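Descriptive structure summary
Here is what each chain is made of, one letter per residue.
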Amino acid sequence: MQKQSPIVSMLIKGSYLLVLRDTLINVYDLISFIKVQDIAIGKEEYPKHIFESAEKIIVLLDLPPQKSEHLSKLVCLEEIPADKKIQALLSEYKLTEARRAFARSMQADDPQYAEKKGRFNVEVGWTLFMAFRFGEAEEWLASANYDPFEFAALIPGRVQKEGVELKSIKDVVKEKYGDEEAKCNQAIEAVMKLLELKRQVLAEEYKVHRSAGKVLTFLHPSNGLNETFKDNRVSFIETITMLDTLLVKSYIKNGHLKQLKNFFDSIDTFYCDYERFESYLKRHLKDDKSETCYLASICFYEKKEKYTEALDLCIKLLQSENTKATEITCKIMVRILTTKLFDASLIFKYVEKLLERHPKKGIQVLLDNDYIKRNISTNEILDHLSKLPGENKICLLYTSDAAD
């Protein structure tokens, strides 16, 4: 055990114990009983006493005598403001100490406690995110009112501010790691998770408040990359439109078929500028022709209740060799054909195409569509099926499933 220098004097100030020794001052946190700081004393300075006067901490030190004169000096110690202390601790990633410093700065009955706690969470989350500790950052930000625009701007080229050149995560990666694409992609994936989370939270809030024009205010880190977002005043509809548009465009760009499907399955409404987004999808379908782009277009039209447009694209995607893509497409076709169409000729038109590739799915539509069951007899359905290629097999399948 290391020997410590003798104690000269002690003082309790708030939640701190200050221990004056002959070479330094130890500062202890009385809540956690942990030493939080050592303050050095000059080599030729001799501590005599530590005391409080007019809310200030005073240290009395003796100095070496000059020409037989006895000299002393008073040193005033001042507590660092809580926000600066927290920032200093966060810059060193001392999260536990930062949390304690925040707790000490708060009063239990502070009416602004929730907002201050949220701001603290954003500070910690942002600090961890910029340190590429994404899992920890998400835990801190999960319940925090962070600005989705600020995080969306981290994805290069996804958010624009007129007259402002925004910094992105690519700039951070270049500064820390050089041109390391893997790090950049990892960070973008983490941003996407946060934006998906924010989208869910906003949608739930909208179900309660039903105010599309409500102006939203967000909390921002003190050391954000783009100061311009600190004055952000945007409506719910502007925010969720940005999120929906950005997320789907990113899924398309990165070929994230599963994430795209899960996203559309999880939402009731897809918010976007209809004409601009449709134009974007059509341009990409000309050049891209990927399964993800087709599926995005199908889901877009389904959410906008443009069912024939969605089904026309489904027919094209059924030709794909991607098993997952065709499986998702079949489910969408069955859903639309059984619950959204009430025109027999249209239903049979698309069922025929479905029967060519997936007979059981086509038969499922004919058996489950309430309109068909109420308005078209079994004999009429069999008559129609008998005119299709492979009619014997299809008719047999229909009668067998109908009997079940």
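Owing to the predicted nature of the structure, the values given are computational and were not obtained by experimental measurement.

We now examine the overall build of the protein. Of the regular secondary structure elements, the protein holds 18 helices and 9 strands. A compact globule built from 404 residues would reach a C-alpha radius of gyration of about 22 Å, whereas the protein, at 33 Å, exceeds it by more than 25%. Each principal axis of the C-alpha distribution contributes one length, and for the protein these read about 120 × 45 × 40 Å. The buried share among the 404 residues of the protein stands at 44%. For the protein, the share of sequence-separated contacts (at least 6 apart) that also reach a separation of at least 24 residues comes to 52%.

In total, this model carries 20 aromatic pairs according to the counting rule given. Positioned above the aromatic ring of Tyr-280 is the side chain of Lys-249, whose terminal nitrogen or guanidinium carbon lies 4.6 Å from the ring centre.

It is worth spelling out the side chain of Thr-338 at this point. Assignment of secondary structure puts Thr-338 in helix H13 (residues 323–339). Overall, the relative accessible area of 15% leaves Thr-338 in the buried class. Within the structure, the side chain of Thr-338 is placed 2.5 Å from the backbone oxygen of Val-334, a separation counted as a polar contact. In contact with Thr-338, other than residues within four places in its own chain, are Val-365, Asp-368, Asn-369 and Asp-370.

A separate point is the sheet that holds strand S5 (residues 46–53). Strand order in this open sheet of 3 strands is S5-S6-S7, and the pairing throughout is antiparallel. Of all the strands in the sheet, just S5 and strand S7 (69–77) have a single pairing partner and so form its edges. Geometrically, the sheet is characterised by an average inter-axis angle of 25 degrees between neighbouring strands, direction not taken into account. In this sheet, strand S6 (residues 56–66) lies alongside S5 in antiparallel orientation, the contact comprising 7 bridges. When the bridges of S6 are listed, Tyr-46 appears paired with Asp-62.

Moving on, we get to the packing of helix H12 (residues 307–317) against helix H14 (residues 344–357). Contact geometry for H12 and H14: axes closest at 10 Å, N-to-C directions at 20 degrees. The angle between H12 and H14 falls in the class roughly parallel. The crossing of H12 and H14 is left-handed. Contacts from Thr-308, Leu-311, Asp-312 and Ile-315 in H12 reach Leu-346, Lys-349, Tyr-350 and Lys-353 in H14. Here the contact of H12 with H14 is composed, by residue class, of 4 nonpolar, 1 polar and 3 charged.

Moving on, we get to the environment of Ala-212. For Ala-212, the location among the structural elements is in the loop between helix H7 (181–209) and strand S8 (215–216). Ala-212 sits 167 residues away from Glu-45 along the chain, and the two C-alpha atoms are 66 Å apart. Setting aside anything within four residues of it in sequence, one finds Ala-212 in contact with Tyr-206, Ser-235, Phe-236 and Ile-237.

All told, the structure shown has 19 salt bridges when counted by the stated rule. Measuring nitrogen to oxygen at the nearest pair gives 2.9 Å for the salt bridge that ties Glu-136 to Arg-133. A salt bridge links Asp-244 to Arg-199; the shortest N-O distance between them is 2.7 Å. Separated by 45 residues along the polypeptide, Asp-244 in helix H8 (residues 236–254) and Arg-199 in helix H7 bring together distant segments of the chain. Through salt bridges with shared partners, a single network forms among Lys-13, Glu-52 and Glu-55.

Next up on the list: the pairing of strand S2 (residues 16–21). With 5 of 6 residues buried, S2 lies mostly within the body of the structure. Two elements, strand S1 (residues 7–13) and S2, share 6 bridges in a ladder whose sense is antiparallel. When the sheet's bridge partners are listed, Lys-13 is paired in S2 with Tyr-16. Two successive antiparallel strands, S1 and S2, enclose a turn made up of 2 residues, where Gly-14 displays a positive phi of approximately 60 degrees. Where S2 meets strand S3 (residues 24–29), 5 bridges bridge the pair, whose relative direction is antiparallel. By the bridge assignment, Leu-18 is partnered in S3 with Val-27. In this antiparallel pair of consecutive strands, S2 and S3, the connection spans 2 residues.

Let us look at the confidence of the model for the protein. Should the pLDDT be low somewhere, the predicted coordinates at that spot are not to be read in detail. When the pLDDT values of the protein are averaged, the result is 87; 95% of them are 70 or greater. Taken element by element, the protein is modelled with least confidence in helix H18 (residues 391–403), mean pLDDT 62, and with most confidence in helix H11 (residues 291–303), mean pLDDT 96.

What follows concerns the sheet that holds strand S4 (residues 34–40). Within a beta sheet, neighbouring strands are joined by backbone hydrogen bonds and run either parallel or antiparallel to one another. In spatial order, the strands read S1-S2-S3-S4; together these 4 strands make up an open sheet with antiparallel pairing. On the outer flanks of this sheet lie S1 and S4, each paired with one strand and no other. Adjacent strand axes in the sheet meet at a mean angle of 20 degrees when their direction is disregarded.

Below, the discussion takes up the nonpolar core. Core analysis: the biggest nonpolar cluster contains 109 residues, and Phe-129, Phe-151 and Ile-169 have the highest contact counts within it. Of all the elements, H7 adds the most residues to this core, at 10 residues. Not counting residues within four places of it along the chain, the set of residues in contact with Ile-169 comprises Phe-129, Met-130, Phe-132, Leu-154, Cys-184, Ala-187 and Ile-188. Ranked by size, the runner-up nonpolar core spans 12 residues in total, among them Leu-11, Leu-20, Val-27 and Ile-50.

Each value, and the rule that gives it
- Residues numbered from 1 in each chain as written.
- Predicted model: local features only at pLDDT ≥ 70, side-chain atom pairs only at ≥ 80, totals over all residues.
- Heavy atoms only, no water.
- Helix = DSSP H or I, 4+ residues; strand = E, 2+ residues; numbered from the N terminus.
- Rg over C-alpha atoms; globule rule 2.2 N^0.38 Å.
- Buried < 20%, exposed > 50% of the residue type's maximum accessible area, 1.4 Å probe, protein only.
- Contact = heavy atoms within 4.5 Å.
- Phe/Tyr/Trp six-rings, centres within 6.5 Å; stacked < 30°, edge-to-face > 60°.
- Lys NZ or Arg CZ within 6 Å of the ring centre and 35° of its normal.
- Polar contact = N/O pair within 3.5 Å; in protein donor to acceptor, adjacent residues only side chain to side chain.
- Pairing = 2+ DSSP bridges.
- Axes fitted to C-alpha atoms, helices over the stretch in contact; angles between N-to-C directions.
- Parallel < 35°, antiparallel > 145°, perpendicular 65-115°, else oblique.
- Left-handed = near helix turned anticlockwise from the far one by under 90°.
- Nonpolar A, V, L, I, M, F, W, Y, C, P; charged D, E, K, R; others polar.
- Salt bridge = Lys/Arg side-chain N within 4 Å of Asp/Glu carboxyl O.
- pLDDT = per-residue confidence, 0-100.
- Core = buried A, V, L, I, M, F, W, Y, C linked by side-chain atoms within 4.5 Å.

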